[in-house]
There are 2 protein chains.
Amino acid sequence: MATNRKMDFLADEIALADFAKAIAHPARIAILKLLAQQKSCICGEIVEGLPLAQATVSQHLKELKAIGLIKGSIEGKTSCYCIDWEVFNQFVSQFGVFADLAKNASGQTQACC
Amino acid sequence: MATNRKMDFLADEIALADFAKAIAHPARIAILKLLAQQKSCICGEIVEGLPLAQATVSQHLKELKAIGLIKGSIEGKTSCYCIDWEVFNQFVSQFGVFADLAKNASGQTQACC
DNA sequence: ATTATATATCGCAAATATACGATGATATGT
DNA sequence: ACATATCATCGTATATTTGCGATATATAAT
């Protein structure tokens, strides 16, 4: 990447892309699944549930936390994580924008496909 | 990455992560927005709507097409793209899985958060 | 105090992603 | 046939992501 073109896009587009990036790894999907199931929220259990080293899982957790999708708190010797549903749902609903655009655009001068 | 751990995850998780990866760039978000608005579907117009070189836009279009989110057809001298809503909606609805898991899990032995 | 346990962070290597000029391929106009 | 226009692909430089061992940190147990 020669130059940083990121600033040339809309804030909305960057935000949605960043959310997608946070989800764009099977490990992070798997972590969210585990947390959604509420079977486990303790770091060690998450590590056992994944085919990755502890350091790697910790890094993935950090990324999910950085964008706000999960919250983490230290409980004595262990760390506990859980999904922030408010943030999660807000991001997911943003995908609806595309469908809304299509709905509003239909009936007008239609393009070629 | 020393080894390819991708195969150690579930197919569902990989598929959803791949979709997220396809969306995980402001340019590809912007392209989908343009196509959803149906203002333009011709490659050249998309290029003009983005702060990127033609070669780069073509690459992004290729990625979106590879995962099936958009369809492309050659119309004479130009190329025409449009969103495959069936694929798009199918992917988006997959995010509901997390919420469903949480719903089913609630009321049971709850974890720490 | 010492040891064990749980987790985060650092530093590095390998893999991917991004951007773009140059070039190739195909269709249109003259 | 030749020039032009549109778009895809190639090659390459740079940036980011991923994975993990080693290590730091902090709590708990003996």
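Above this text you will find the structure in question.
On a predicted model such as this, the values are computed, not experimentally measured, just so you know.

A. Seen up close, the relation of the copies chain A and chain B. Each copy superposes on the other: chain A lies on chain B with an RMSD of 0.1 Å after a rotation of 180° and an axial shift of 0.0 Å. A rotation of that kind, with that shift, is consistent with a two-fold axis. When each C-alpha of chain A is compared by its distance to the rotation axis, Ala20 of chain A comes out closest, at 2.5 Å.

B. Looking closely at the pairing of strand β2 (residues 78–83) of chain B. Residues and elements named next belong to chain B. Of the strand pairs in this sheet, strand β1 (residues 70–75) and β2 are connected by 6 bridges, and their pairing is antiparallel. Among the inter-strand pairings, Gly72 is bridged to a residue of β2, identified as Tyr81. Here β1 folds back onto β2 in antiparallel fashion, the turn holding 2 residues, of which Gly76 has a positive phi close to 65°.

C. Molecular detail of helix α4 (residues 54–66) of chain B. Residue and element names in this part refer to chain B. With 13 residues, α4 should reach 18 Å at 1.5 Å per residue; the first-to-last C-alpha distance of 18 Å fits that figure. Among the residues of α4, Val57, His60, Leu61 and Leu64 are the ones counted as buried. Seen end-on, α4 carries its buried residues on one side only, within an arc spanning 100°. What points out from α4, more than 90 degrees from its buried face, is the exposed set Ala55, Gln59, Lys62 and Ala66. Contact partners of the buried residues in α4: α1 (11–23), α2 (26–37), α3 (43–48), β1 and β2. Remark: Gly68 follows α4 within two positions and exhibits a positive phi of approximately 95°.

D. Looking closely at the nonpolar core. Ranked by internal contacts, the top residues of the largest apolar core, which has 74 residues, are Leu69 and Phe95 of chain A together with Phe19, Leu69, Ile70 and Phe95 of chain B. Dropping the residues within four chain positions of it, Phe95 of chain B is found in contact with Ile23, Phe88, Val92 and Phe95 of chain A together with Leu16 and Phe19 of chain B.

E. Quick peek at the pattern of salt bridges. If you walk through the whole model with that rule in mind, you get 4 salt bridges over all chains. A salt bridge links Lys33 of chain B to Glu13 of chain A, with the nearest nitrogen and oxygen atoms 3.4 Å apart. Here Lys33 of chain B is found in helix α2, whereas its partner Glu13 of chain A is found in helix α1 (residues 11–23) on a different chain. With a shortest N-O distance of 3.3 Å, Glu63 of chain A and Arg28 of chain A are connected by a salt bridge. Residue Glu63 of chain A is located in helix α4 (residues 54–66), and its partner Arg28 of chain A is located in helix α2 (residues 26–37); the two are separated by 35 residues in the primary sequence.

F. Highlighting the interface of chain A and chain B. Across the boundary between the two partners, chain A contributes 45 residues, which contact 46 residues of chain B. For the pair chain A and chain B, the number of links is 2 salt bridges. Across the contact surface, chain A and chain B share 4 residue pairs in polar contact (both at pLDDT 80 or more). The set of elements that each furnish at least two residues to the side of chain A that touches chain B consists of α1, α2, β2 (78–83), α5 (85–94) and α6 (96–105) of chain A.

What counts, and where the lines are drawn
Starting from 1, residues in each chain are numbered consecutively following that chain's sequence as written. Written order decides the labels, with chains lettered from A and ligands numbered from 1. Local features in this predicted model are restricted to residues whose pLDDT is 70 or higher, and side-chain atom pairs enter the listing and the counts only when it is 80 or higher, whereas totals over whole chains, interfaces and linings include all residues. The side-chain numbers reported here are obtained from all heavy atoms of the structure, hydrogens and water having been left aside. Least squares is the method for superposing the copies, and the C-alpha atoms it fits come from residues with pLDDT of at least 70 in both. When DSSP finds two or more bridges between a pair of strands, those strands are recorded as paired. The helix and strand labels rest on DSSP assignments: H or I over at least four residues marks a helix, E over at least two residues marks a strand, and numbering proceeds from the N terminus. In this scheme, a helix's expected span is set at 1.5 Å multiplied by one less than its residue total. Per-residue accessibility, obtained with a 1.4 Å probe over protein chains only, is compared with the maximum for each type, and a residue is labelled buried under 20%, exposed over 50%, and partly exposed between these values. Here, the arc refers to the directions that run from the helix axis to the C-beta atoms. We call two residues in contact when some of their heavy atoms are within 4.5 Å. The term nonpolar core refers to a set of buried residues drawn from Ala, Val, Leu, Ile, Met, Phe, Trp, Tyr and Cys, joined through side-chain atoms within 4.5 Å. Within this document, salt bridges are pairs made up of a side-chain nitrogen of Lys or Arg and a carboxyl oxygen of Asp or Glu, the two lying within 4 Å of each other. Within 3.5 Å is the distance limit for a polar contact, defined as a pair of N or O atoms, with the added protein rule that one can donate a hydrogen and the other accept it, and that residues adjacent in sequence qualify only through two side-chain atoms.

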